[in-house]
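Here's the letter readout for the chains.
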Amino acid sequence: MNILVTGAAGFIGNAVAIALLQRGDTVIGIDNMNDYYSVELKNARLKRICLNQDFQDFRIFKIDVCDKSKLIEVFDDNKIDAVVHLAAQAGVRYSLENPQAYIDSNIVGTLNIFECCRNFGVKNIVYASSSSVYGDNAKIPFSTDDRTDNPVSLYAATKKSCELMAHTYSHLFDLNMAGLRYFTVYGPWGRPDMAPILFAKNILEGKPIKVFNNGNMKRDFTYIDDIVNGTIAVLDWGGRGIFNIGRGEPVDLMRFIEILECELGKPAIKEFLPMQPGDVPVTWADTIALEKATGYCPKISLEEGIKHFARWYLNYYI
């Protein structure tokens, strides 16, 4: 198939693009290469594709999904069979500083993608949502049957808005739209604004790491390979709905730090801080619906995943 992947220089988008190319699909990538975090890292991800002789069926367009006219040109010039829409302004905490970026990229950009799919007859769309839509939901594990009407960050509110738009477009225009609520994705080539790289950097430099809520946090850490396999499985399934995609196993943040310390061979200096605005103490994915629809079964343990991450970090940054 010819598959459009938005956010193709991003953490998840790049990994999905590589997996699709490895199985023989043609990938049309879109990324605006913004400087929210290191453009050098984004370029390095793209080089993994562009310098690989086996990946000839890849084209990258460095445009913004907010630029509707440029987006229309991409759809018009490329026969697109399906879309994996992962482009977004990421980060819960940054949404407190720059809310407009989230409205533009996550809502306007997503609307543009949906409009292009409608107008160019692309029926199968997988799009990224987030576990953050559950807000301060006290019921665990988080189920897609739970109400998600109380987001505690603007980032979460924009992701919930995308889900509502997708439901409407699916209903009105007979599009197969599947939303994925990603849970704490980590691994090699990850985002430098996320805890694993922030922790690794400070541990190795002998600087304190910030441990919020005094360490009383649990996260459903999910390794990137499992995320990619689940995303592509939903794409191949070709149906409609919203799914949680996580490991389904919440882990104490202090346990994550302990394993990372072991893999890096150096103890962390911990600075314990209160909960940050927009954050939640626990995330835990109920993945039963995804398992039933696609056979999704995460395979990488936390210990194995952190080992892979630490080796990549030491090789890339040190």
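Above this text sits the structure in question.
Note that the coordinates shown come from a computational prediction; the quantities given were computed from them, not determined experimentally.

Basis of the calculations
Residues numbered from 1 in each chain as written. Predicted model: local features only at pLDDT ≥ 70, side-chain atom pairs only at ≥ 80, totals over all residues. Heavy atoms only, no water. 1 Å grid on protein atoms, 1.4 Å probe; cavity = no way out; pocket = protein on both sides within 12 Å on 5 of 7 lines; lining within 4 Å. Points joined across faces, edges and corners; volume = space filled by probe spheres on them. Helix = DSSP H or I, 4+ residues; strand = E, 2+ residues; numbered from the N terminus. Nonpolar A, V, L, I, M, F, W, Y, C, P; charged D, E, K, R; others polar. Core = buried A, V, L, I, M, F, W, Y, C linked by side-chain atoms within 4.5 Å. Buried < 20%, exposed > 50% of the residue type's maximum accessible area, 1.4 Å probe, protein only. Contact = heavy atoms within 4.5 Å. Patch = residues over 30% accessible without salt bridge, like charges linked within 9 Å, V, L, I, M, F, W, Y side chains within 5 Å. Areas by Shrake-Rupley, 256 points an atom, 1.4 Å probe, with all protein chains shown as cover. Salt bridge = Lys/Arg side-chain N within 4 Å of Asp/Glu carboxyl O. Polar contact = N/O pair within 3.5 Å; in protein donor to acceptor, adjacent residues only side chain to side chain. Arc of directions from axis to C-beta. Axes fitted to C-alpha atoms, helices over the stretch in contact; angles between N-to-C directions. Parallel < 35°, antiparallel > 145°, perpendicular 65-115°, else oblique. Left-handed = near helix turned anticlockwise from the far one by under 90°. Pairing = 2+ DSSP bridges. Lys, Arg positive; Asp, Glu negative; His and termini not counted. Charge placed at Lys NZ, Arg CZ, Asp CG, Glu CD.

(A) Region of the structure containing the layout of surface pockets. In this structure, the second largest pocket encloses a volume near 220 Å³. Along the walls of the second largest pocket sit 13 residues, with A15, R48, I224, D225 and V228 positioned nearest its centre. Broken down by element, the lining of the second largest pocket gets its largest block of residues, five residues, from helix α1 (residues 11–22). Broken down by class, the residue content of the lining of the second largest pocket amounts to nine nonpolar, two polar and two charged.

(B) Main features of the nonpolar core. Residues I12 and Y182 are the most contacted members of the largest nonpolar core, which totals 67 residues. Those residues in contact with Y182 that lie beyond four places of it in its chain are I12, L86, A128, S129, S130, S131, I227, T231 and I245. Core analysis: the second largest hydrophobic core is formed by 24 residues, L4, I63, F114 and A166 among them.

(C) Representation of a nonpolar patch on the surface within the structure. Among the surface-exposed residues, L314, Y317 and I318 lie close enough to one another that they form a single nonpolar patch of about 290 Å² accessible area. For I318, the location among the structural elements is in the segment after α10 (302–317). Judged by its relative accessible area of 66%, I318 is exposed.

(D) Region of interest: helix α6 (residues 195–205). The complete set of buried residues in α6 reads P196, I197, F199, A200, N202 and I203. Looking at the buried side of α6, the elements it contacts are β7 (185–186), β8 (208–211), α8 (253–264) and α10. G206, located one to two residues past α6, shows a positive phi value of around 70 degrees.

(E) How the structure looks around the side chain of T158. With respect to the helices and strands, the residue T158 is situated in helix α5 (residues 154–173). Polar contacts involving the side chain of T158 include one to the side chain of N106, which spans 3.1 Å. Residues contacting T158, with those up to four places away along its chain left out, are Y102, I103, N106 and I107.

(F) Focus on helix α3 (residues 68–77). When α3 is considered as a whole, its buried residues turn out to be L71, V74 and F75. Axial view of α3: buried residues confined to an arc of 95 degrees, hence all on one face. Opposite the packed face of α3, turned more than 90 degrees from it, sit the exposed residues D76 and D77. Buried residues along α3 sit against β1 (2–6), β2 (26–30), β3 (58–61), β4 (82–85) and α4 (99–119).

(G) A look at the packing of α8 against α10. At their nearest, the axes of α8 and α10 sit 9 Å apart, and the two run at 50 degrees to each other. By the angle between their axes, α8 is oblique relative to α10. Between α8 and α10 the crossing geometry is right-handed. Contact residues: R255, F256, I259, L260, E263 and L264 in α8; L302, E303, I306, K307, F309, A310 and L314 in α10. The class makeup of the residues in the contact of α8 with α10 is nine nonpolar, no polar and four charged.

(H) View of the sheet that holds strand β11 (residues 241–245). Sheet architecture is open: seven strands sit in the order β3-β2-β1-β4-β5-β6-β11, paired in parallel fashion. Each having just a single partner strand, β3 and β11 make up the two edges of the open sheet. Neighbour-to-neighbour, the strand axes of this sheet turn through a mean angle of 20 degrees, independent of strand direction. With four bridges connecting them, β2 and β3 associate as parallel partners. Pairing of I30 across the sheet is with F61, part of β3.

(I) Here's a closer look at the pattern of salt bridges. Inspection of every chain in the model, using the stated rule, returns 18 salt bridges. The partner of K201 in a salt bridge is E205, and the shortest N-O contact between them spans 3.3 Å. Taken together, the residues span about one helical turn, with K201 and E205 both in helix α6 at a distance of four residues. Exposure remark for E205: the relative accessible area of 41% places this residue in the partly exposed category. Linked by salt bridges that have partners in common, R23, D25 and D236 make up one network.

(J) Quick peek at a negative patch on the surface. Together, D67, E73, D76 and D77 make up a negatively charged patch on the protein surface. In this fold, D76 is placed in helix α3.

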